[in-house]
Each structure stands twice: as C-alpha cells, then as structure tokens.
Amino acid sequence: MSATRSAAQAWDDEYRRGRYQDEPPVAFVADILAAAHRAGATDGLYVGCGNGRNLLPLVDGGLDLLGLDISAEAVRQLADRRPDRAGRLRHGDLDSLPLGATWPLVIGIQVFQHGDRGQAHRQVRAAQRRVAAGGLICVRVNAVGTDVWPAHDVVERAPDGGFTVRYTAGPKRGLDIHFFGAAELGQLFAGWAPVLPARPQRTERDNLGTGQWTQWEAIWRRPAELVTP
Ligand SMILES: C[S@@+](CC[C@H](N)C(=O)[O-])C[C@H]1O[C@@H](n2cnc3c(N)ncnc32)[C@H](O)[C@@H]1O
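Treat the numbers as computed from the prediction; the structure is a model and nothing was measured.

**Q** Before we go on, may I ask you to explain the site of the ligand in this structure?
**A** Near the ligand, the surroundings consist of 19 residues, among which Y15, G48, R53, N54 and D69 are the closest. Interatomic distance of 2.6 Å between a side-chain N/O atom of Y15 and an oxygen atom of the ligand. Within the side chain of R53, a nitrogen or oxygen atom sits 2.7 Å from an oxygen atom of the ligand. Protein chains bury 96% of the 590 Å² of accessible surface belonging to the ligand in isolation. Of the residues that constitute the shell around the ligand, the class distribution is eight nonpolar, eight polar and three charged.

Next up, the structure:
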C-alpha cells in the first residue's frame, strides 16, 4: 500500500536523524507492565516498536514481546542496540504476520493514527484480531484537543469529533495523520472490557508557543465470547 510505503520512508528518515535516541519511555509503560502482571500475560506483540524506547523497558520488565515495525531503519537500530532481541523483531505490518496468529497482549503506542480515518480504523481492527480471547490490548493514540503543529491542512472531520490532518511541513510532510475523538475510540472498542479506561494524557511541547499534544491511553480486555469485525 503506497500510504504505508511513504510512512515507512518518513520514519526511516526520522530514525536516521536520531529520533527517540536517549528519549525516556512514556509513563504508560508502567500501566502496561502492571496490567500484564495482574492478567498473568508474559508474551505479546508490540506493533510499531520503533527503535525501542518503550519496547526495551517492557522487555526488561519481564515481557517477551515480538516487535513489529514498517521502518527497516528502526528495526536495524533496535537490533544493533540489543542483539539479544534481534530474533524477536520483524520488519513489516500486521498483514505480514501469520494468518490467525494471536497474542495474550497486544501493544500499540502512537502507531494506529497513521493514515486517514478509514486507514486508522482498519489498523485498530487488525490489531484487535491479533488479541487472544481474554487477552489485553494497550493503546496510546493521538487525541482531539491536540494543538496540531507544525503546518497542516485538516482533510476530514467527523461528527464524533475525530479528524485527519495532512502535514504541509515538518518530518511528516505529505502524510495523513488521524486524531481520535472519545466517542470514536469508544465505538471502536464497543464490547471490550475496560481495564484502564481511556484517559487523555497531555504533553506540553518544548518549543515555545506550539502548545500541547494529547494522547488517549487505554487498556481493554477481549471478552472470550467477542467476535471482532
Ligand atoms: C510515533 S512512532 C512510535 C514508536 C514507538 N511505539 C515508540 O513509542 O517509541 C510510530 C512507529 O510506528 C511505525 N509504524 C507506522 N505504521 C505502521 C504499521 N502499519 N505497522 C507497523 N508499524 C508502523 C513507524 O515506523 C514508527 O516506528
């Protein structure tokens, strides 16, 4: 898919420029470790693992995660950084995984927002299908309320508040990125049991005058009887 290819190229460039090197993990990592521990889940899939700022503390916290990313550069940097994990990294997207494979824990941090609304929803649905019955899905995604920056055009807006922008400047120039509304996310996870109900997490940007960005953070459990679309 061309959208995936251009996102992969943009991320390859970003990682070559040093993105996330020496960045601490997001605080949500502690919530994931606590929820996985309570659920007895030790094995999982991390979709969009990047170069490891969050994957490595999760692994060092006791989780055996398969890291998946469309950026070959991210996977290369992560394997260089931690050769012991190289065999548990995979270059590709969810479609590249064996048909029907599921995990007791699926994690996506700032990944399911790539593309327009339809593409973002398809990524969430594809990740949901990878959660084993009774398993957990841990999600951090762009939220409405963000002061979107840098320059961009709003290319779609839905009645539930969700919108998509196409950046006209910066590292994501030319890419569509989606921002989820609360009701939109709730609808996507209808029938799932909230373990950590969706909460908005605000981060002030370092660049003066550029405002804040907000992410939804949430953990759901897949009921054994749920049929995913
Ligand atoms: C904002 S970065 C976050 C990386 C990592 N989760 C972190 O928090 O450090 C988004 C990552 O998702 C990857 N990505 C984007 N779309 C993807 C897809 N469809 N499947 C797998 N990875 C994807 C990008 O290459 C990038 O590494």
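**Q** Can you help me understand the pattern of salt bridges in this one?
**A** When the charged atoms of two side chains with opposite charge come close together, those side chains can pair. Applying the stated criterion across every chain, the model contains 19 salt bridges. A salt bridge links D60 to R82; the nearest nitrogen and oxygen atoms lie 3.1 Å apart. Highlighted residues: D60 in helix 3 (residues 55-60) and R82 in the loop between helix 4 (72-81) and strand 3 (89-91), separated in sequence by 22 residues. Note that D64 and R85 form a salt bridge whose closest N and O atoms lie 2.9 Å from each other. Of this pair, D64 sits in strand 2 (residues 64-69) while R85 sits in the loop between helix 4 and strand 3, and the two are 21 residues apart along the sequence. Given a relative accessible area of 12%, R85 falls into the buried group. Salt bridges linked by common partners bring D13, R16, E73, R76 and D80 together as one network.

**Q** Help me understand the sheet that holds strand 7 (residues 163-167) in this model?
**A** Strands in a sheet are paired, the pairing made by backbone hydrogen bonds, and the direction either parallel or antiparallel. Strand order in the open sheet formed by three strands is 6-7-8, with antiparallel pairing between adjacent strands. Each edge of the open sheet is held by one strand with a lone partner, namely strand 6 (152-157) and strand 8 (176-179). Adjacent strand axes in the sheet meet at a mean angle of 30 degrees when their direction is disregarded.

**Q** Would you take a moment to explain the packing of aromatic side chains for this structure?
**A** Two measures describe an aromatic ring pair: the distance that separates the ring centres and the angle between the ring planes. Taken as a whole, this structure holds six aromatic pairs when the rule is applied. Ring centres of W11 and Y15 lie 5.5 Å apart, and the angle between their planes is 35 degrees; this geometry places the pair in the tilted category. Linking W11 with Y15, this pair stays in helix 1 (residues 2-16), spanning four residues, or about one helical turn. For the residue pair W11 and Y15, the accessibility class agrees, reading buried in each case. Look at F163 and F179: their rings are 5.0 Å apart centre to centre, the planes differ by 10 degrees, and that puts the pair in the stacked class. Pair noted here: F163 is in strand 7 and F179 is in strand 8, with a separation of 16 residues, a long-range link. Judged on exposure class, the residue F163 and its partner F179 are both buried. The lysine or arginine in question, R19, covers the ring of Y20, its NZ or CZ lying 4.8 Å from the ring centre. Here the basic side chain of R157 rests over the ring of F163, its NZ or CZ set 5.2 Å away from the ring centre.

**Q** When you look at the nonpolar core in this model, what are you seeing that I'm missing?
**A** Side chains of a nonpolar character, in soluble globular proteins, are inclined to be buried together. In this structure, L45, I137 and F189 are the most contacted members of the largest nonpolar core, which totals 28 residues. With sequence-adjacent residues up to four places away left out, I137 is seen in contact with V106, A127, Q128, V131, F189, W192, A218, I219 and W220. Residues V26, V75, L136 and I219 belong to the second largest nonpolar core, which totals 26 residues.

**Q** I'm lost on the environment of L65 in this one. Help?
**A** The topology assignment puts L65 in strand 2. The exposure class assigned to L65 is buried, which follows from its relative accessible area of 1%. When the C-alpha positions of L65 and L105 are compared, they lie 8.7 Å apart, and in sequence the two are 40 residues distant. Leaving out residues up to four positions away in the same chain, L65 has contacts with G44, L45, Y46, L55, L58, V59, R85, R88, L105 and I107.

**Q** Help me understand the sheet that holds strand 10 (residues 212-221), please; the structure alone is not making it clear to me.
**A** What the seven strands build is an open sheet, ordered 3-2-1-4-5-10-9; its pairing is mixed. Sheet topology places strand 3 and strand 9 (193-204) at the edges, where each strand pairs with a single neighbour. Neighbour-to-neighbour, the strand axes of the sheet open up by a mean angle of 15 degrees, direction not taken into account. Bridge count for strand 2 against strand 3 is three bridges, and the pairing is parallel. Opposite G67, over in strand 3, you have L89 as the bridge partner. With respect to the sheet, helix 2 (residues 28-39) is in contact with strand 4 (103-109), strand 5 (131-142), strand 9 and strand 10, its orientation differing from that of strand 5 by roughly 170 degrees.

About the cut-offs
The written sequence of each chain sets the order in which its residues are numbered from 1. Owing to the predicted nature of the model, reporting of local features is limited to residues with pLDDT of at least 70; listing and counting of side-chain atom pairs is limited to 80 or more, with chain, interface and lining totals taken over all residues. Side-chain descriptors were evaluated using all non-hydrogen atoms of the structure, hydrogens and water having been removed beforehand. One heavy atom within 4 Å of a molecule or strand makes the whole residue count as near it. In the analysis that follows, any N or O atom pair within 3.5 Å is treated as a polar contact, provided that within protein one partner can donate a hydrogen and the other can accept it, and provided that, for residues neighboring in sequence, both atoms belong to side chains. We get accessible surface area from the Shrake-Rupley algorithm with a probe of 1.4 Å; when it comes to residues, only the shown protein chains can shield them. Under the grouping applied here, Gly and all other residues not named as nonpolar or charged are polar, the nonpolar ones being Ala, Val, Leu, Ile, Met, Phe, Trp, Tyr, Cys and Pro and the charged ones Asp, Glu, Lys and Arg. Throughout this description, the term salt bridge denotes a Lys or Arg side-chain nitrogen within 4 Å of a carboxyl oxygen of Asp or Glu. The helix and strand labels rest on DSSP assignments: H or I over at least four residues marks a helix, E over at least two residues marks a strand, and numbering proceeds from the N terminus. Burial classes: relative accessible area under 20% of the type maximum marks a residue as buried, over 50% as exposed, and values in between as partly exposed (1.4 Å probe, protein chains only). Here a strand pair is declared whenever DSSP counts at least two bridges between the two strands. Between the N-to-C directions of two axes lies an angle of 0 to 180 degrees, each axis being a line fitted to C-alpha atoms and, for a helix, fitted only over the stretch in contact. Pairing of aromatic rings covers Phe, Tyr and Trp, the last through its six-membered ring, and needs centres within 6.5 Å; plane angles under 30 degrees mean stacked, over 60 mean edge-to-face, and all others mean tilted. Should the NZ of a Lys or the CZ of an Arg lie within 6 Å of a ring centre and within 35 degrees of the ring normal, that charge is described as sitting over the ring. What makes a nonpolar core is a set of buried Ala, Val, Leu, Ile, Met, Phe, Trp, Tyr and Cys residues whose side-chain atoms join them at distances within 4.5 Å. Residues count as neighbours in contact if any of their non-hydrogen atoms are within 4.5 Å of one another.

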